[in-house]
Amino acid sequence: MATERASSKRRALRDALSADIPLVAVGAHDALTAKLIENYGFGAVWVSGFGVATMAHALPDINVVTMTEALDAAVRMDRATTLPLVADCDNGYGGLTNVIRTVTEYESQGIAGICIEDNLFPKRNSLFQGEAKRELVPASEQCRRLAAGKAAQSTDDFVLIARVESFIAGHGLDDAVDRAHRYADAGADAVLIHSKDRTLGEIEGFLERWEGPVPLVAVPTLFPDWTSAELHKKGFQMVILANQPMRAAVEAMERTLQALSEAGRAADVDGAISPVNHLFDLVDTASWIAAEDS
Ligand code: SPV
Ligand code: MG
């Protein structure tokens with residue numbers, strides 16, 4: 001049985017995926033980040049696999065974080081925000097039966113939607129520039145997994161986004177177009193077409209040939225010059241700003257630690273970091289204490 005909270009988040013996500021304005025999601029790596037994303041008016045939280053691996057575990061984004069660990073992180077984020085979550089579930093953590101279990105666990109924990117990509121296990125983060133073998137699950141097998149995942153849902157509203165890695169793996173436009181249409185036919189509720197092409201040439205080639213019935217999702221980390229409104233005009237219904245809060249946090253922490261290590265005095269960074277009272281306010285400390293003390 002879906003809770004009312006889960007149902008209303010799923011409805012909000014589905015409504016946003018069919019609205020006439022773009023849905024902008026921002027990537028979170030922990031619960032407070034999810035809360036801040038809501039405070040700044042975004043429409044959804046992307047539970048970034050890259051973010052959770054890097055920030056919560058100090059591990060690379062290569063399928064070494066387990067489904068259970070990723071789900072724990074997502075559940076904490078979900079509690080911290082009224083926004084719907086789209087949880088990055090990598091490749092579903094294995095084969096077809098792992099995809100089924102991923103769907104049933106995330107759905108039963110109240111998450112609004114998940115995204116499953118076609119990278120073969122163990123996946124490698126799509127943005128990694130170094131030497132790395134990149135292999136995709138054969139399209140027919142990925143369709144079988146997506147269809148099995150959809151069939152495993154117990155609510156109609158839970159959202160399954162299928163992610164196409166053809167461009168990232170160097171398989172080219174024909175493969176991207178073929179996979180995207182087949183994943184939509186297999187039952188995916190939306191298709192994420194990933195690309196590292198700064199010129200948008202790959203994406204525009206894809207959009208010219210896309211005839212699928214489901215909304216498209218973009219992750220413009222490496223084509224950051226286009227606004228969400230511009231990407232929407234081109235044909236994307238959802239835009240995921242996947243990792244900017246994590247990168248901001250790391251930059252701020254490193255800058256602060258550098259200053260502390262040079263100065264050896266807390267006052268030298270005080271003006272450039274959040275006052276502790278701001279943190280107390282963000283998590284509603286006063287009302288929790290009042291409840292305990294009343
Ligand atoms: C993530 O945020 O984990 C993503 C997006 O999957 S990317 O890092 O571009 O692969
Ligand atoms: Mg990821």
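So, a few notes on the structure that sits alongside this text. Everything quoted here is computed from the prediction, not taken from an experiment. (Residues numbered from 1 in each chain as written. Chains lettered and ligands numbered in written order. Predicted model: local features only at pLDDT ≥ 70, side-chain atom pairs only at ≥ 80, totals over all residues. Heavy atoms only, no water.)

### Topic: the site of ligand 1
Ligand 1 sits among W46, S48, G49, F50, D88, N125, S126, L127, R163, H194 and A242. W46 places a side-chain nitrogen or oxygen 3.0 Å from an oxygen atom of ligand 1. At 2.8 Å, a backbone N or O of F50 approaches an oxygen atom of ligand 1. When isolated, ligand 1 has an accessible area of 280 Å², and the protein chains bury 100% of it. More than half of the atoms of ligand 1 fall within 2 Å of the grid points belonging to the largest cavity. Along the lines of polarity and charge, the residues of the shell around ligand 1 split into 4 nonpolar, 5 polar and 2 charged. (Near = heavy atom within 4 Å. Polar contact = N/O pair within 3.5 Å; in protein donor to acceptor, adjacent residues only side chain to side chain. Areas by Shrake-Rupley, 256 points an atom, 1.4 Å probe, with all protein chains shown as cover. 1 Å grid on protein atoms, 1.4 Å probe; cavity = no way out; pocket = protein on both sides within 12 Å on 5 of 7 lines; lining within 4 Å. Sits in = over half its atoms within 2 Å of the grid points. Nonpolar A, V, L, I, M, F, W, Y, C, P; charged D, E, K, R; others polar.)

### Topic: the nonpolar core
Across soluble globular proteins, you tend to see nonpolar side chains buried next to one another. Y106, I114 and F206 are the most contacted members of the largest nonpolar core, which has 55 residues in total. Per element, the largest residue contribution to this core is 7 residues, and it comes from helix α4 (residues 67-79). Other than its neighbours up to four places away in sequence, I114 contacts V86, A87, C89, T102, V103, Y106, F158, V159, L160 and I161. Counting residues in each nonpolar core, the second largest holds 19 residues, with A16, A25, V217 and A242 among its members. (Core = buried A, V, L, I, M, F, W, Y, C linked by side-chain atoms within 4.5 Å. Buried < 20%, exposed > 50% of the residue type's maximum accessible area, 1.4 Å probe, protein only. Helix = DSSP H or I, 4+ residues; strand = E, 2+ residues; numbered from the N terminus. Contact = heavy atoms within 4.5 Å.)

### Concerning the side chain of N243
Within the secondary structure layout, N243 lies in the loop between β8 (238-241) and α10 (244-263). Among the polar contacts made by the side chain of N243, one reaches the side chain of R247 at a distance of 2.8 Å. Non-local contacts of N243, meaning those with residues more than four positions away in its chain, are made with F50, L127 and T221.

### With respect to the packing of helix α6 (residues 139-152) against helix α7 (residues 172-185)
Between α6 and α7, the least distance of the axes is 9 Å, while the angle of their chain directions is 25 degrees. By the criterion of interaxial angle, the relationship of α6 to α7 is roughly parallel. When the axes of α6 and α7 are compared, the crossing they make is right-handed. Here α6 contributes A139, S140, Q142, C143 and L146 to the contact with α7, which in turn contributes R179, R182 and Y183. Across the contact of α6 with α7, the residue classes break down as 4 nonpolar, 2 polar and 2 charged. (Axes fitted to C-alpha atoms, helices over the stretch in contact; angles between N-to-C directions. Parallel < 35°, antiparallel > 145°, perpendicular 65-115°, else oblique. Left-handed = near helix turned anticlockwise from the far one by under 90°.)

### Let's talk about the layout of surface pockets
The calculated volume of the largest pocket comes to roughly 770 Å³. In terms of lining residues, the largest pocket is bounded by 23 residues, among which L32, L36, A249, S274 and L279 are the most central. Mapped by element, the contributors of at least two residues to the lining of the largest pocket are α2 (31-39), α10 and α12 (276-282). Per-element tally for the lining of the largest pocket: the top contributor is α10, with 7 residues. Along the lines of polarity and charge, the residues of the lining of the largest pocket split into 16 nonpolar, 5 polar and 2 charged. There is about 240 Å³ of room inside the second largest pocket. Lining the second largest pocket are 17 residues, and of these A6, E107, S108, Q109 and G110 sit closest to its centre. Every element with two or more residues in the lining of the second largest pocket is listed here: α1 (4-17), α4 and α5 (96-108). Sorting elements by how many residues they give to the lining of the second largest pocket places α1 first, with 4 residues. (Points joined across faces, edges and corners; volume = space filled by probe spheres on them.)

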